[in-house]
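# Coordinates in review
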Amino acid sequence: MAMQGRLLCSDVDEMKSRVQVTSSLKDFESVDFVLEAVNENLAAKERVFRDLSRVVSPESILASNTSSISVTKLAASSSRPENAIGMHFVIPVVLSKIAEIVPGLPTSRDTLSKTVALAKSMGKVPIVATDSPGFIAFRLLTPYINEAAQMVQDRVATVEDIDQLMRLGLSVPKGPLEMADIVGLDTCLAIMKQLYGEFADPKYRPAQLLSRYVDAGWLGRKTGRGFYVYPQWK
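Residues numbered from 1 in each chain as written. Predicted model: local features only at pLDDT ≥ 70, side-chain atom pairs only at ≥ 80, totals over all residues. Heavy atoms only, no water.

### Description of a nonpolar patch on the surface
To keep it simple, the criterion reads: Nonpolar side chains (Val, Leu, Ile, Met, Phe, Trp, Tyr) within 5 Å and like charges within 9 Å form the patches, drawn only from residues with over 30% relative accessible area and no salt bridge. In short, Shrake-Rupley with a 1.4 Å probe defines the accessible areas, and a residue's cover is counted only from the protein chains shown. By definition, a salt bridge exists where a carboxyl oxygen of Asp or Glu is found within 4 Å of a side-chain nitrogen of Lys or Arg. Secondary structure is summarised from DSSP: a helix means a run of H or I of at least four residues, a strand means a run of E of at least two, and numbering begins at the N terminus for each. Relative accessibility under 20% of the residue-type maximum defines a buried residue, over 50% an exposed one, and the middle range a partly exposed one, all with a 1.4 Å probe and only protein chains included.
Residues Val 125, Ile 127, Ile 136 and Leu 140 make up a contiguous nonpolar surface patch of about 340 Å² in total accessible area. Within the secondary structure layout, Ile 127 lies in strand β5 (residues 125-128). Residue Ile 127 is classed as partly exposed on the basis of its relative accessible area of 33%.

Below, the structure is given as structure tokens:
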């Protein structure tokens, strides 16, 4: 954002000064609120929750940035499920004004109220969602992306034309396939599989083209290629 002129270099330096990097979970012993953001994989997130619950204080809140995985399942992997909650920041985080707050079945009212307050303190608008696959944002967004991928596969239109129609015709800032590349095609595919597995509804079946791109390692901006090619990101 500094390169785009949206932030001063001094602001970047000040932000960096707040960040501490560690490879030891012991450094989380005195932390009041932990937000995990590992890849969208249930086993990986459960492992993080189990490990953290052995380290943090009994009052600490364990939050997940998951966009589709059941918060109730994640809470069950913690020794204090009442302190577990979902806190999903919609991409791009710095521009989005929303934070999805997702309590699981065992989540306490105190945990929910503190998480909502934290989101507000960050300048985000907290939206509380039920613990249902995809919650609100990605239950809407990923089928939209998936259908766009299916349209490319069926040769209904090109990638560029689909995105341009949505930008210029419906005034959305990014087309569905541009958004797919930002989110990550592997993440989109994982969420579609989660939705399809939970609901068994054909409308959530992942597009074959999306699966093939992920198999090829074309995951979007983070790998330099997705529906578009990004030489500067390689």
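Don't stop here, the text continues.
### Some points on the packing of helix α5 (residues 137-153) against helix α6 (residues 159-170)
Counted only if it meets this: For every element, the axis is a line fit to its C-alpha atoms; helices are fit only across the contacting stretch, and the angle between N-to-C directions ranges from 0 to 180 degrees. For classification, angles of less than 35 degrees are called roughly parallel, those exceeding 145 degrees roughly antiparallel, those between 65 and 115 degrees roughly perpendicular, and all remaining angles oblique. Each crossing gets its handedness from the near helix: less than a right angle anticlockwise from the far helix is left-handed, clockwise is right-handed. Residue contacts are defined here by distance: any two heavy atoms, one from each residue, within 4.5 Å place the two residues in contact. In this classification, Asp, Glu, Lys and Arg are treated as charged, Ala, Val, Leu, Ile, Met, Phe, Trp, Tyr, Cys and Pro as nonpolar, and every other residue, Gly included, as polar.
Remark: α5 packs on α6, axes separated minimally by 9 Å, with the N-to-C direction vectors making an angle of 140 degrees. The angle between α5 and α6 places the two elements in the oblique class. As for how α5 packs across α6, the hand of that crossing is right-handed. Across the interface between the two elements, Tyr 144, Ala 148, Met 151 and Val 152 from α5 touch Val 159, Ile 162 and Met 166 from α6. Broken down by class, the residue content of the contact of α5 with α6 amounts to 7 nonpolar, no polar and no charged.

### Quick word on the environment of Arg 109
By the element assignment, Arg 109 lies in helix α4 (residues 109-121). Along the primary structure Arg 109 and Asn 83 are separated by 26 residues, whereas in three dimensions their C-alpha atoms are 9.4 Å apart.

### Describing the nonpolar core
Note the following rule: Working definition of a nonpolar core: buried Ala, Val, Leu, Ile, Met, Phe, Trp, Tyr and Cys residues. They are joined through side-chain atoms within 4.5 Å.
The biggest cluster of nonpolar side chains holds 28 residues, and the ones touching the most others in it are Leu 177, Leu 185 and Phe 227. Going through the elements one at a time, α5, α6, α7 (176-183), α8 (185-199) and α9 (208-215) are the ones with two or more residues in this core. In this structure, Phe 227 is in contact with Ala 149, Val 159, Leu 177, Ala 180, Asp 181, Leu 185, Leu 209 and Tyr 213, ignoring residues within four places of it in sequence.

### A few points about the sheet that holds strand β2 (residues 61-64)
Put simply, the test is: By this definition, two strands are paired if DSSP reports at least two bridges between them.
The strand order across the open sheet formed by 5 strands is β1-β2-β3-β4-β5, and the pairing between neighbours is mixed. Two strands close off the open sheet at either side, each with one partner strand: β1 (33-36) and β5. In this sheet, adjacent strand axes meet at a mean angle of 30 degrees when their direction is disregarded. Examined bridge by bridge, strand β3 (residues 84-89) and strand β4 (residues 98-103) share 5 bridges and lie antiparallel to one another. Residue pairing in the sheet places Gly 86 in a bridge with Val 102 of β4. Helix-sheet contacts for helix α2 (residues 42-53) involve β1, β2 and β3, and the interaxial angle to β2 is about 165 degrees. Sitting on the sheet, α4 is in contact with β1, β2, β3, β4 and β5, with an inclination near 25 degrees to β3.

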